[in-house]
Amino acid sequence: MNSTYKALWLENGDLVVIDQTQLPFRSVTKVLKTSAAAAIAIQDMTVRGAGVIGNVAAFGVYLAARESNGDLATIKELAAVIRRARPTAVNLMWAVDRLLKVLEKASTQKQDLVEVALQEAIAIADEDVIGTRNIGKFGCELIEAIAKTKPKGEPVNILTHCNAGWLAIVDRGSALAPIYEASDRGINIHVWVDETRPRNQGANLTAWELGQSKIPHTLIADNTGGLLMQYGKVDLCIVGTDRVTRCGDVANKIGTYLKALAAFDNHVPFYVALPSSTFDMQIADGVKEIAIETRSADEVLYMQGLQDNGQIGKVRVAPLETTALNYGFDITPAKLVTGLITERGICEAAETAIAAMFLDLIP
Ligand code: MRU
């Protein structure tokens, strides 16, 4: 690998990221030169999606090592700021902890901590590239099996929520990886894209990603999925996730749970795609133990988009005196999940099955 990934890359030792707040209207990149800049980029959602958050965190620890000339105590202080940038996606904490563990060891061996941090951050991203390819292959088998049951010329209709493509995890995404693989294999597919209010990651990012790859898709309002399922117009749901407990409860973008309920009621298979770095084996009960991010009420009270004057702007969609509540994620209980599509294979969302496939991750 050459440390160049679709959503982020290194340039002259600095980290460059796609500014996802500007998509799909503008193609803007940001250069992150310090660990504080990395933390802010995660917090203000310049970058988002569990995997990419983890990557930026890991490269952020490298930047911390660089700005502190490899002083471990300072690196730890700066890394703690990155670790707190967002609460729900466990890849963030996992990546920071992995870097610090490697740096601890390297410091006892008097190694160059800047170089060690850089190589470990690259290793994580390289693993994601391979992992997402494998998620794609395993997930595609599900799509292929459904395609075989379809009348000639009819596509496999897949519903997805939020953005779990290459903008969210390098280099193929999690939920979109099987879709990209199916498209590469020439399988006839069509994707229902939930707009994903309030930040519209579906409308802004997933629709854009699929469009770039010329994959047929239709944008739908978040509440449309249930009716489509009742009409038999959804063959399969695939979503990504920000944290999965050892019992298979799934945290993902707000609204995922309602889609899982509708899928369950309509006997539509509901799969969750993830790399193993998204498991949190320390916890069992998603509702009780996963910290759900609460974001600004303004994201609900206003909508952002392209104005007629070509500027990105926002308009208020609620009365001036109305207040709003904005939870970023929800929990889909394991019982509603048909299976977990991982880089090691498809796993039942249940404690024993997860333990059998991911024994090495159990602390
Ligand atoms: O708030 P976001 O945009 O970071 O939320 C992203 C999601 O919920 C994705 O579905 C999730 O990160 C899985 S993709 C690796």
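Quick summary incoming for the structure in this document. (Residues numbered from 1 in each chain as written. Predicted model: local features only at pLDDT ≥ 70, side-chain atom pairs only at ≥ 80, totals over all residues. Heavy atoms only, no water.)

### Description of the sheet that holds strand 4 (residues 156-160)
In space, the 7 strands of this open sheet follow the order 6-5-4-7-10-15-16, with mixed pairing throughout. The sheet is open, and its two edges are formed by strand 6 (217-220) and strand 16 (345-347), each paired on a single side. Averaged over neighbouring strand pairs, the angle between their axes works out to 25° when direction is ignored. Bridge count between strand 10 (residues 270-273) and strand 15 (residues 339-342): 3 bridges; the pairing is parallel. Bridging across to strand 15, Tyr271 finds its partner in Gly339. Across the sheet, helix 5 (residues 113-149) touches strand 4, strand 5 (189-194), strand 7 (236-239), strand 10, strand 15 and strand 16, and the angle it forms with strand 15 is around 130°. Here helix 9 (residues 256-265) sits on the sheet in contact with strand 4, strand 5, strand 7 and strand 10, set at roughly 145° to strand 10. (Pairing = 2+ DSSP bridges. Helix = DSSP H or I, 4+ residues; strand = E, 2+ residues; numbered from the N terminus. Axes fitted to C-alpha atoms, helices over the stretch in contact; angles between N-to-C directions. Contact = heavy atoms within 4.5 Å.)

### Quick look at the pairing of strand 2 (residues 14-18)
Counting buried residues along strand 2, 5 of its 5 residues qualify, which places the element largely inside the surrounding structure. Along strand 2, one buried face is formed by Asp14, Val16 and Ile18 and the opposite face, lined by Leu15 and Val17, is buried too. Note: strand 1 (residues 8-11) against strand 2, 4 bridges, orientation antiparallel. Following the sheet pairing, Leu10 is matched in strand 2 by Leu15. The hairpin formed by strand 1 and strand 2 contains 2 residues between the paired strands, and Asn12 there has a positive phi angle of roughly 50°. Summarising the sheet, strand 2 and strand 3 (residues 29-32) pair through 4 bridges and their orientation is antiparallel. Bridge pairing in strand 3 links Val17 to Lys30. (Buried < 20%, exposed > 50% of the residue type's maximum accessible area, 1.4 Å probe, protein only.)

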